[in-house]
Amino acid sequence: MRTVQFLASLWLLLHLAVCVLGGAVPGQPIEDDDDAMHPHLEQNARSSARRIKGEDTQDYWLSASKEHILEKLNYVRNTKRAKNIILFLGDGMGLATLAAARSYMGGEEKKLSFEKFPYTGLSKTYCVDKIVPDSASTSTSYLCGVKANYGTIGVNAHIKRGDCEAMADTSNHVFSVGKWAMDAGKAAGLVTTTRVTHASPSGVYAHTADREWENNAVLEEACGDLAKGLDDIAVQLIHGEVGSKLKVMLGGGRRNFMDLEFYKNGRRTDGRNLVEEFEAMSDRNTYVKNRKKLLKVNPAETDRLLGLFSKSHMHYHEEQLADPENTEPTLEEMTQKAIEMLETEENGYFLFVEGGKIDISHHDTMARIALDETAELSKAVKLARKMTSEEDTLIVVTSDHSHTFSMGGYQKRGSDIFGKAKSSGTDGKPYLALSYANGKSFDTYYNVETHERVDPMSLMSDGADAAQLFPATAPLESETHGGEDVGVFASGPWAHIFTGVYEQNTIPHMLAFAACVGDGQTACD
C-alpha cells in the first residue's frame, strides 16, 4: 500500500509539473481569489470571459479527475482520540444553497471552506412526527442523539409540543454532547447569530416542550399554573444543569434575560435580570454587549463569557457592513474569541457554532442575504480549521434541514446567479434562476387580479438590493423548510466515520465516539 501511495504521489508531482509548464493547472482559474468569501452584492456577477484555463479540453477534465483520485489515495485516516470537537451548523443550509453560494462567491468551480474537508456524508432530517422538521426537533437530534417531536428541544418523543405536564417529568429529558463532554472533564460553549435562546443553540443546554418558551412570560401564558416549577429557556442557560457550566455563550437575544425594569426591550415579567445574576456568580464571569468589548476579553482573566449583542437575533452581515454605527461582531470574530477561551482548557472542549440567519433569510425569500450568510459561515469554519490542529480537533459542518429554495434555468457560466434564466416562460416573460416553492413573495411576482406573472426584471433595482425578495410559487407568510437530506463535512480525528447516508441523530454519537465521551460506543473502548 505504501508503494502504491509513493508511486501515486510521484506521478502526481510529475503531472502537476507538466500542467504548470503547459500553463493549465486543473481547477485553477485565470484570476483566482479564494478569500473573496463575501463579495459586495453589486460586484458578485462573474464576467463570462472569466474561464478556467484549459477547461475546453478533455485533458483538463481527465487530469482533474486523476488528481482527485490521487488525493483520495493519499488520505491517511486519523484514528487518534479527538481532544476537541467543533460542530458548525448552517441553519437551513441545503444543498441548493451550497451550490448557489459557490456562484455567489465567484464561480461554480469554487468550494466553500468546508467543502474541502476530506470526508462527506448525508444526514436524514425528518423528526418523529413530521416528514419536514423544524430547528428545535433537529437540534435535539444532532446534539442529543435522539429524534423528537416538532417544536420540542432536549426531550424525547414522549413529549408533544406544548405539553407542560410532560415537560416536568425529567425522565423525558435528554442531554447534549456538550454535557457529555463536560462530564468527561472538558469545557463547552456555543456561538450563534440568532438569539442564544433560539431553537438550535438551546439544544446544547435546554429541555422544553416548546421552542417558543424563551422567557417566563410566554411560558406562563402557555402553561398557567403548570408553569410553576418549570424554567424558561433563558433561565436554563444561566441556572440550568448544563447552561450554568458553559464557558462561552455568544449571540443575540438580550430581551429574554431582562425585565422591562432593567431593559426597555425586556420581555421578562418576573422582575429578574439574568445578566446580573450571571455576573454575580463569580467576579471572573464576564458579560459583553458589543464587538469592542468582546475583542478586548482576555481569556486568562475570564472563567466564563456571556455576550448578548442585540435585543433579538443579530443583524445580517450585509446590514452590519452597511451600518457605520454597527456594534455587533461577525460570526468569524465570535468563533475566534470562543476558541481562544476554550483552548485554555487542558482537557479540551466542545464548541457549537451556528450560522443561524441563513435560515431566517430563506424564510423571507431573501436569497441574496442567505448566500452571503452562507459565505460568512464558510469564513468562520476556515478560521477554526486554521486555529486548530487536524491531529486533535474534529470539525464537523452540517445543517439541520434545507429549504424550498431552488436554482435552475440553464443560465450561462459566469452569469449573475441573481439574474434571469436563459429562456423565458411560456407566458413570454423571463424568470429568475433562484426561486422558492412557497413564501411571502408570491404576491410580489404574481398579479392576483390579472392572474398573470409580473415581469421579474421590472422589480430589479439599478443597484443590487440585499433585501430583494425572490419568487415563490405558493403564497405563505413564511417560506417553509425542505425535507431532503443535508450535507455533512468532516475533518480531523475519526472524520472518516461521517461518510455515507445516516440518521441525523447519529451525529452526536459519532462526535462522542471520536472524543471518547458519553455512555455509548467510543474509540477508547
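Residues numbered from 1 in each chain as written. Predicted model: local features only at pLDDT ≥ 70, side-chain atom pairs only at ≥ 80, totals over all residues. Heavy atoms only, no water.

## Structural notes on helix α8 (residues 216-223)
Here's step 1: Among the residues of α8, those classed as buried are N216, L219 and C223. The buried residues of α8 all sit within an arc of 65° when viewed along its axis, so they share a single face.
Here's step 2: As for α8, its buried residues are in contact with α5 (164-167).
Here's step 3: For α8, the side-chain oxygen to backbone nitrogen distance between the N-cap and A217 is 3.0 Å, and the N-cap itself is N215.
Here's step 4: Looking one or two places after α8, you find G224, whose phi comes out positive at around 60°. (Buried < 20%, exposed > 50% of the residue type's maximum accessible area, 1.4 Å probe, protein only. Helix = DSSP H or I, 4+ residues; strand = E, 2+ residues; numbered from the N terminus. Arc of directions from axis to C-beta. Contact = heavy atoms within 4.5 Å. Polar contact = N/O pair within 3.5 Å; in protein donor to acceptor, adjacent residues only side chain to side chain.)

## Concerning the sheet that holds strand β8 (residues 393-398)
Here's step 1: In spatial order, the strands read β5-β6-β4-β3-β7-β1-β8-β18-β2-β19; together these 10 strands make up an open sheet with mixed pairing. The open sheet is flanked by β5 (285-288) and β19 (500-503), the only strands paired with a single partner. Direction aside, the axes of adjacent strands within the sheet are offset by 15° on average.
Here's step 2: Taken together, the 4 bridges between β5 and strand β6 (residues 304-308) define a ladder with parallel strand orientation. Its bridge partner lying in β6, N285 is registered against R304. (Pairing = 2+ DSSP bridges. Axes fitted to C-alpha atoms, helices over the stretch in contact; angles between N-to-C directions.)

## Here we look at the nonpolar core
Here's step 1: In terms of nonpolar packing, the biggest core is built from 54 residues, with L246, F257, F350, F498 and L511 touching the most fellow members.
Here's step 2: Here this core takes 7 residues from helix α17 (residues 506-515), the largest share from any one element.
Here's step 3: Beyond its immediate stretch of four places on either side in the chain, L246 contacts M182, A188, G189, L190, V204, Y205, L237 and R304.
Here's step 4: M93, V288, V297 and I417 belong to the second largest nonpolar core, which has 50 residues in total. (Core = buried A, V, L, I, M, F, W, Y, C linked by side-chain atoms within 4.5 Å.)

## Focus: the UniProt feature "binding site: Zn(2+)" (unreviewed entry) in the protein chain
Here's step 1: Mapped onto this structure's residue numbering, the UniProt feature "binding site: Zn(2+)" (unreviewed entry) falls at D91, D359, H363, D400, H401 and H481. Despite a sequence span of 391 residues, these residues sit close together in the fold, their greatest C-alpha distance being 14.4 Å.
Here's step 2: Here H363 lies in helix α14 (residues 357-363).
Here's step 3: Apart from the residues within four sequence positions on either side, H363 is in contact with H403, S478, E479 and H481.
Here's step 4: Counting through the fold element by element, H481 comes out in strand β17 (residues 481-482).
Here's step 5: Of the residues examined, H481 reaches a relative accessible area of 12% and is grouped as buried.
Here's step 6: Beyond its immediate sequence surroundings of up to four residues, H481 is in contact with V132, P133, D134, S135, D359, H363, H401, S402, H403 and T404.
Here's step 7: Polar side-chain contacts of H481 include one of 3.2 Å to the side chain of D359. (UniProt positions renumbered as here; feature names shortened; annotations may be inferred.)

## Comments concerning the state of the cysteines
Between two cysteines, a covalent bond joining their sulfur atoms is known as a disulfide.
Here's step 1: This model, assessed by the stated rule, comprises 2 disulfides.
Here's step 2: One disulfide in the model links C164 with C223; its S-S distance is 2.0 Å. Between C164 and C223, the S-S dihedral sits near -85°, and the bridge is therefore left-handed. Here the residue C164 occupies a position in helix α5, and C223 occupies one in helix α8, the gap between them amounting to 59 residues. Accessibility assignment for this pair places C164 and C223 in one class, buried.
Here's step 3: Across the disulfide from C516 sits C524; the S-S distance is 1.9 Å. Of note, the bridge from C516 to C524 carries an S-S torsion of about 95° and is right-handed in sense. (Disulfide = S-S within 2.5 Å.)

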